[in-house]
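# Overview (structure and organization)
Chain by chain, the residues run as shown.
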Amino acid sequence: MTSFPSSRQTSRRRLLGGTAAGALGFAALGTAIAAGPARSQQPPSGTYRIDLHAHFLPPDYRAALIEHGHFTIGGYPTPNWSPEEAIGFMDYYGIQAQALSVSDPGVSFLGGQEAIDMARYCNTYAADLFRTHPTRFGAFAVLPMPDLAASIAEIAFALDTLRLDGVVLLSAYNGVYLGDPRFEPLMAELNRRRAFVFIHPAAIAPDAKPELPLPDFLEEFTFDTTRAATLMMFTGVTQRYPDIRFQLAHAGGTLPFVSHRIGVASQTVLGELWPDTLPRPSVLDTATQISRFYYDTALSGAPAAMASVLAVTSRDHIVFGSDWPFSAATLPQSGSHDPAPGLSDIFDADQRMEVEHHNPLRQLPRLAEAVAT
């Protein structure tokens, strides 16, 4: 499917604005930051990648987004999606299978029964894809959050009946972040099930963020992932529920970079003002918790990002993610069939196989069994 990239040239120019010189500068900076000299080795050949950060927009779901005024997601034009387009994308970029998820705003832009019904529709749609394309798709269940009772019921249906591979949660719902005690029953259920949970950033309400002429996906999304992960550590969620395997989108946002900073927070003068309701973290405590997260490569397949992640966790906690179709304008457009060539500047071929194939399948046994047939 060699014509796939050229169909998106216009949107790529619109989003990136012809910043080739800037991109080269960032690439050079990333190479300099990476541990050791850039390898720039060839990735493994063939269709082998397992994509744990890939989105889908079933027809009724996308129609509801547009009907409710969601013409952009994180500042990116709400894309079209179809199974055929997804398979074409996967074939071109050597992706064996995708674990699909609904991006921000989930189904929380709806209310009450509408949100419950839309979550069920999206999850059932994903399960139907397993039957028609059993070796190409997995999925993370979307929940009708912040309705906890309905969400826990949907977890049971999605994981037990539909056999989806895990759950996707947004970093926050109506401004309430995942570490908040109000979500305790949900976390307890996910821990009981030893669930794999993909945390995707949520857009912040316009009146709660700076007025900048930049789309949310450039910066705000990374900050929101960091807020959710930090609060989950500081409120003890990650300690109380160690059997939940959390995947953080976009290389953990800014969490690797601020890892030391948040570890020493309670040891400084700020410790005197630390809320009594929060455990007082130490450098060792936060380092351990941060190392247990899983980090995907979506929009982060570059030496600077990966070197930062490797500074806080081991390579077996890095998984491949494409962020397609929202990343369509940022993918290589010059005939390369490698969706993240920057990974080869820090990982050799065997290490890329680990990150892009073995690590994802270790976390999703149903999908691993399906692709092995």
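Quick caveat: nothing in here was measured; it's all calculated off a predicted structure.

The rules behind each value
- Residues numbered from 1 in each chain as written.
- Predicted model: local features only at pLDDT ≥ 70, side-chain atom pairs only at ≥ 80, totals over all residues.
- Heavy atoms only, no water.
- Helix = DSSP H or I, 4+ residues; strand = E, 2+ residues; numbered from the N terminus.
- Pairing = 2+ DSSP bridges.
- Contact = heavy atoms within 4.5 Å.
- Axes fitted to C-alpha atoms, helices over the stretch in contact; angles between N-to-C directions.
- Core = buried A, V, L, I, M, F, W, Y, C linked by side-chain atoms within 4.5 Å.
- Buried < 20%, exposed > 50% of the residue type's maximum accessible area, 1.4 Å probe, protein only.
- Expected span 1.5 Å × (residues − 1).
- Salt bridge = Lys/Arg side-chain N within 4 Å of Asp/Glu carboxyl O.
- Nonpolar A, V, L, I, M, F, W, Y, C, P; charged D, E, K, R; others polar.
- Parallel < 35°, antiparallel > 145°, perpendicular 65-115°, else oblique.
- Left-handed = near helix turned anticlockwise from the far one by under 90°.
- Patch = residues over 30% accessible without salt bridge, like charges linked within 9 Å, V, L, I, M, F, W, Y side chains within 5 Å.
- Areas by Shrake-Rupley, 256 points an atom, 1.4 Å probe, with all protein chains shown as cover.
- Phe/Tyr/Trp six-rings, centres within 6.5 Å; stacked < 30°, edge-to-face > 60°.
- Lys NZ or Arg CZ within 6 Å of the ring centre and 35° of its normal.

### Regarding unusual backbone geometry
Residue Pro105 follows Asp104 across a cis peptide bond; omega there is 10 degrees. As for its position among the elements, Pro105 is in the loop between β4 (95-101) and α5 (112-132). The omega angle of the peptide bond from Trp324 to Pro325 is 5 degrees, so this bond is cis rather than trans. Tracing the chain through its elements places Pro325 in the loop between β12 (318-319) and α13 (349-363). Within the chain, Arg163 stands out as a residue other than glycine whose phi angle is a positive 60 degrees.

### Describing the sheet that holds strand β5 (residues 137-141)
A sheet is described by the order of its strands in space; here eight strands give the open sequence β1-β4-β5-β6-β9-β10-β11-β12, paired in parallel fashion. In this open sheet, the two edge strands, each paired with only one partner strand, are β1 (49-55) and β12. Relative to strand β9 (residues 196-200), strand β6 (residues 166-170) runs parallel, the two sharing four bridges. Bridge assignment links Leu169 to a residue of β9, and that residue is Ile199. Against the sheet, α5 engages β4 and β5, with an angle of about 160 degrees to β5. Where α13 meets the sheet, it contacts β1, β4, β9, β10 (245-248), β11 (294-296) and β12, and its direction lies at approximately 70 degrees from that of β1.

### Comments concerning the nonpolar core
Of all hydrophobic cores here, the largest spans 103 residues; its most connected members are Leu164, Leu169, Met187 and Leu190. For this core, the element with the most residues is α5, which contributes nine residues. Filtering out sequence-adjacent residues up to four positions away, Met187 remains in contact with Leu169, Leu178, Met232, Val237, Tyr241, Ile244 and Phe246.

### Concerning α5
Counted at 1.5 Å a residue, the expected span for α5 with its 21 residues is 30 Å, and the 31 Å between its end C-alpha atoms agrees. Residues of α5 that are buried include every one of Ala115, Met118, Ala119, Cys122, Asn123, Tyr125, Ala126, Ala127, Leu129 and Phe130, and no others. Close packing links the buried residues of α5 with α3 (59-67), α4 (83-92), β4, β5, α6 (148-161) and α14 (365-371).

### Side note on the pattern of salt bridges
Tallied over the full model, the rule gives 16 salt bridges. A salt bridge links Glu356 to Arg49; the nearest nitrogen and oxygen atoms lie 2.6 Å apart. In this pair, Glu356 sits in helix α13 while Arg49 sits in strand β1, placing the two residues 307 residues apart along the sequence. Each member of the pair, Glu356 together with Arg49, is buried. For Glu189, the salt bridge identified is with Arg192, shortest N-O distance 2.8 Å. Pair noted here: Glu189 and Arg192 are both in helix α7 (residues 184-192), with a separation of three residues, about one helical turn.

### Remarks on the pairing of β1
Burial analysis of β1 places seven of its seven residues in the buried class, which makes it a mostly covered element. Relative to β4, β1 runs parallel, the two being bridged by five bridges. If you follow Ala54 over to β4, its bridge partner there is Leu100.

### Concerning the side chain of His53
Considering the arrangement of structural elements, one finds His53 in strand β1. Excluding its chain neighbours within four sequence positions, the residues that come into contact with His53 are Phe198, His200, Gln247, Ala249, His250, Asp296, Ala298, Phe320, Gly321, Ser322, Asp323 and Trp324.

### Quick look at the packing of α3 against α5
In contact at an axis separation of 9 Å, α3 and α5 are set at 145 degrees when each is read in the N-to-C sense. Seen from α3, the contacting residues are Pro59, Asp60, Tyr61 and Ala64; seen from α5, they are Met118, Tyr121, Cys122 and Tyr125. In the contact of α3 with α5, the residues fall into seven nonpolar, no polar and one charged.

### Remarks on the packing of α5 against α6
Running from N to C, α5 and α6 point in directions that differ by 20 degrees, and their axes come no closer than 11 Å. Compared by their axis directions, α5 and α6 come out roughly parallel. With respect to the hand of their crossing, α5 and α6 are arranged in right-handed fashion. On α6, the residues that touch Ile116, Ala119, Arg120, Asn123 and Thr124 of α5 are Ala150, Glu154, Phe157 and Ala158.

### Quick look at the side chain of His357
Within the secondary structure, His357 is located in helix α13. Apart from residues lying up to four places away in sequence, His357 is in contact with Tyr48, Ile50, Gln96 and Arg352.

### A look at the environment of Asp128
Looking at the element boundaries, Asp128 is found in helix α5. Here Asp128 falls in the partly exposed class, since its relative accessible area comes to 35%. Put simply, Asp128 and Leu162 are 34 residues apart on the chain and 8.8 Å apart in space, counted from C-alpha to C-alpha.

### Looking at a nonpolar patch on the surface
Taken together, the side chains of Leu212, Leu214 and Leu218 define a hydrophobic patch exposed on the protein surface, amounting to about 270 Å² of accessible area. Considering the arrangement of structural elements, one finds Leu214 in the loop between β9 and α8 (220-234).

### Things to note about the packing of aromatic side chains
Scanning the model with the defined rule gives 14 aromatic pairs in all. Residues Trp81 and Tyr125 carry aromatic rings whose centres are separated by 6.1 Å and whose planes lie at 65 degrees to one another, so their mutual orientation is edge-to-face. With a gap of 44 residues between them, Trp81 in the loop between β3 (76-77) and α4 and Tyr125 in helix α5 connect regions that are remote in the sequence. Of the two residues, Trp81 and Tyr125, both sit in the buried class. Among the aromatic residues, ring-to-ring pairing joins Phe56, Trp81, Tyr121 and Tyr125 into one connected group. Lying over the aromatic face of Phe130, Arg366 brings its terminal NZ or CZ to 4.0 Å of the ring centre.

These figures capture arrangement, not role.
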